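Listed here are the chains, written in short residue letters.
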Amino acid sequence: MKNIIFAILLVIVSSCDKNSIIYFYPEKGSGIITIIDKNQYRYIIKGKHEKVPDLNYIKLDISKVDKLSDVVYICWKENELWEVTVDKSVIVETVIDTANYKINTTLPRDSRGIPTENKFKNDSCMIFSYYLMRLTSRSRRDC
């Protein structure tokens with residue numbers, strides 16, 4: 001069984017606003033993702049940044065995302081490309097190559113139409129809970 005190591009290097013949380021910066025690193029490579037929250041908006045940014053850059057980001061409205069189910073799902077692909085899902089968010093602005101970097105606003109559905117996290121429980125993916133402020137457990141799928 002292969003151990004998965006994802007590092008969350010830094011979390012900065014302001015006590016007055018819902019502002020934070022979190023860096024996500026893939027197990028291999030340098031496909032770093034920065035996520036910056038500014039009140040009701042979440043910026044998903046290619047690379048490591050301390051503020052929102054002029055290019056290479058996606059801006060999401062997260063005002064309708066329930067605090068208990070505020071989760072970021074990330075899968076890295078080859079060549080440092082990635083796919084991010086923030087369920088129940090709304091895309092406000094896209095300033096990134098969407099052919100290579102993908103954002104989803106709904107979880108995938110199983111054959112019964114029920115949202116599922118199964119896609120994100122493999123070696124190249126991770127699940128981060130904002131409610132718990134940690135990576136969630138990585139249980140194996142039953143085959």
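Residues numbered from 1 in each chain as written. Predicted model: local features only at pLDDT ≥ 70, side-chain atom pairs only at ≥ 80, totals over all residues. Heavy atoms only, no water.

1. Comments concerning the confidence of the model for the chain
What counts is decided by this rule: Confidence of the prediction at every residue is given by pLDDT, a number between 0 and 100. Here, two residues are considered to be in contact whenever any of their heavy atoms come within 4.5 Å of each other.
The pLDDT averaged across the chain works out to 84; a share of 83% of its residues lies at or above 70. Counting interchain partners and residues more than four positions distant, the pLDDT-below-50 stretch residues 1-17 has 43 contacts. Of the regions scoring below 50 in pLDDT, residues 139-143 engages in five contacts with residues more than four places distant in sequence or in other chains.

2. Description of the nonpolar core
Heads up, the condition is: Put simply, a nonpolar core is a bunch of buried Ala, Val, Leu, Ile, Met, Phe, Trp, Tyr and Cys residues held in one set by side-chain atoms that sit within 4.5 Å of each other. Residue burial is assigned from relative accessible area. The probe radius is 1.4 Å, only protein chains are included, and a residue is buried under 20% of its type maximum, exposed over 50%, and partly exposed in between. Going along the chain from the N terminus, every DSSP run of H or I of four or more residues is numbered as a helix, and every run of E of two or more is numbered as a strand.
F24, I33, I44, I74, W82 and V84 are the most contacted members of the largest nonpolar core, which has 22 residues in total. When residues of this core are traced back to their parent elements, those giving at least two are β2 (19-24), β3 (33-38), β5 (57-61), β6 (71-76), β7 (82-85), β9 (101-104) and β10 (125-129). With three residues, the single largest contributor to this core is β6. In terms of nonpolar packing, the next biggest core, distinct from the first, is built from eight residues, I21, Y25, I36 and Y57 among them.

3. A closer look at the sheet that holds strand β11 (residues 134-135)
Short version of the rule: When DSSP finds two or more bridges between two strands, those strands count as paired.
As summarised here, the arrangement of the five strands in space is β9-β7-β6-β10-β11, forming an open sheet in which the pairing is mixed. The strands lining the two open edges of the sheet, one partner per strand, are β9 and β11.

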